[in-house]
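The residues making up each chain are set out below.
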Amino acid sequence: MNEKKKSHVFNLTLAAMFLAVGLILPFFTGQIPQIGNKLLPMHIPVLLCGLICGWKYGLAVGFVLPPLRYLLFGMPVLFPTGIAMAFELCTYGLVVGLMYSRSRWKCIVSLYRSMVLAMITGRVVWGIVQVLLLGIGEGGFTWQMFMAGAFLNAIPGIVLQFIFIPAVMVALNRTGLVRFTRHMASVQKVKH
């Protein structure tokens, strides 16, 4: 088996594992939406998948996870929550994977930059999808609902992600499964 095919099989296996973790992790919040909305348990495996496997796998896992979880366990409710989450999570996987893979250096700083951009972009996409599904105005999706759902209620989950995901990446770097790198051409340019 050639190296490219081995890499694809390895990433596909990891993506399946991240999908399984995303299905199971919400059980640790007791499947209580109020706690899940604060800790965001499905976000962590999608972000890790995008970082480790690449944007294509992160996008796919993010998009499939909420509807699959609804089909298997009845949560999250598919309309509008699950549909909006599918677009939000696939955006996380896409953006974090794309930004990190294109970073000059694979390090903690580029990891945080990629995560921040993915989180902002994903929340904006979530808001847009909510507006498309619910409309705007008195009976629809309001600015207050966006701010509460995207940021205020999500603060504990965002903090958890900013602590847990870099810790996992550092641990994987130490084991050699994922490497932080500095491209030599970039380092030489800085020295001159």
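Residues numbered from 1 in each chain as written. Predicted model: local features only at pLDDT ≥ 70, side-chain atom pairs only at ≥ 80, totals over all residues. Heavy atoms only, no water.

1. Thoughts on the overall build of the protein
At step 1: Across its full length, the protein carries nine helices and two strands.
At step 2: Traced from its N-terminal end to its C-terminal end, the protein shows the element sequence α-α-α-α-α-β-α-α-α-β-α.
At step 3: A globule of 192 residues ought to have a C-alpha radius of gyration of about 16 Å, and the protein, at 17 Å, matches this closely.
At step 4: A principal-axis box enclosing the C-alpha atoms of the protein has dimensions of 60 × 40 × 25 Å.
At step 5: Counting only residues that meet the buried cut, the protein has 40% of its 192 residues in that class.
At step 6: Total accessible area on the protein stands at roughly 10800 Å², and carbon and sulfur atoms take up 71% of it. (Helix = DSSP H or I, 4+ residues; strand = E, 2+ residues; numbered from the N terminus. Rg over C-alpha atoms; globule rule 2.2 N^0.38 Å. Buried < 20%, exposed > 50% of the residue type's maximum accessible area, 1.4 Å probe, protein only. Areas by Shrake-Rupley, 256 points an atom, 1.4 Å probe, with all protein chains shown as cover.)

2. A short note on the packing of helix H4 (residues 55-73) against helix H5 (residues 78-101)
At step 1: Where H4 meets H5, the axes come as close as 7 Å, and the angle between the chain directions of the two elements is 165°. Between H4 and H5, the angle is such that the two are roughly antiparallel. With respect to the hand of their crossing, H4 and H5 are arranged in right-handed fashion. Only Leu78, Gly82, Met85, Ala86, Phe87, Leu89, Cys90, Gly93, Leu94, Gly97 and Leu98 of H5 make contact with H4, whose side of the interface consists of Trp55, Gly58, Leu59, Gly62, Phe63, Leu65, Pro66, Pro67 and Tyr70.
At step 2: Residue classes in the contact of H4 with H5 are distributed as 15 nonpolar, five polar and no charged. (Axes fitted to C-alpha atoms, helices over the stretch in contact; angles between N-to-C directions. Parallel < 35°, antiparallel > 145°, perpendicular 65-115°, else oblique. Left-handed = near helix turned anticlockwise from the far one by under 90°. Contact = heavy atoms within 4.5 Å. Nonpolar A, V, L, I, M, F, W, Y, C, P; charged D, E, K, R; others polar.)

3. A word on the packing of helix H3 (residues 43-53) against helix H8 (residues 155-175)
At step 1: Packing of H3 against H8 brings their axes to within 11 Å, and their N-to-C directions diverge by 40°. In terms of axis orientation, H3 runs oblique to H8. For the pair H3 and H8, the crossing hand works out as right-handed. Residues His43, Ile44, Leu47, Leu48, Leu51 and Ile52 of H3 pack against Leu160, Gln161, Phe164, Ile165, Val168, Met169 and Leu172 of H8.
At step 2: When grouped by side-chain class, the residues that make up the contact of H3 with H8 number eleven nonpolar, two polar and no charged.

4. Considering the packing of aromatic side chains
A ring pair, where both rings are aromatic, is described by two values, the distance of the centres and the angle of the planes.
At step 1: Within the structure shown, the criterion is met by seven aromatic pairs.
At step 2: Relative to phenylalanine 162, the ring of tyrosine 112 lies with its centre 5.7 Å away and its plane at 45°, an arrangement referred to as tilted. Residue tyrosine 112 is found in helix H6 (residues 108-134), and its partner phenylalanine 162 is found in helix H8; the two are separated by 50 residues along the sequence.
At step 3: Tyrosine 112 gets classed as partly exposed once you look at its relative accessible area, which sits at 31%.
At step 4: Note on tryptophan 126 and phenylalanine 141: the rings are 5.4 Å apart at their centroids and 85° apart in plane angle, and the pair reads as edge-to-face. Residue tryptophan 126 is located in helix H6, and its partner phenylalanine 141 is located in the loop between H6 and helix H7 (143-152); the two are separated by 15 residues in the primary sequence. (Phe/Tyr/Trp six-rings, centres within 6.5 Å; stacked < 30°, edge-to-face > 60°.)

5. Here's the deal with the side chain of asparagine 173
At step 1: Along the chain, asparagine 173 turns up in helix H8.
At step 2: The exposure class of asparagine 173 is buried, given its relative accessible area of 18%.
At step 3: Within the structure, the side chain of asparagine 173 is placed 2.9 Å from the backbone nitrogen of phenylalanine 180, a separation counted as a polar contact. (Polar contact = N/O pair within 3.5 Å; in protein donor to acceptor, adjacent residues only side chain to side chain.)

6. A closer look at the nonpolar core
At step 1: In this structure, Leu47, Cys49, Leu51, Leu65, Leu89, Ile165 and Met169 are the most contacted members of the largest nonpolar core, which totals 33 residues.
At step 2: A total of seven residues in this core trace back to one element, the largest contributor, which is H3.
At step 3: Residues contacting cysteine 49, with those up to four places away along its chain left out, are Ala15, Phe18, Gly54, Tyr57, Gly58 and Val61. (Core = buried A, V, L, I, M, F, W, Y, C linked by side-chain atoms within 4.5 Å.)

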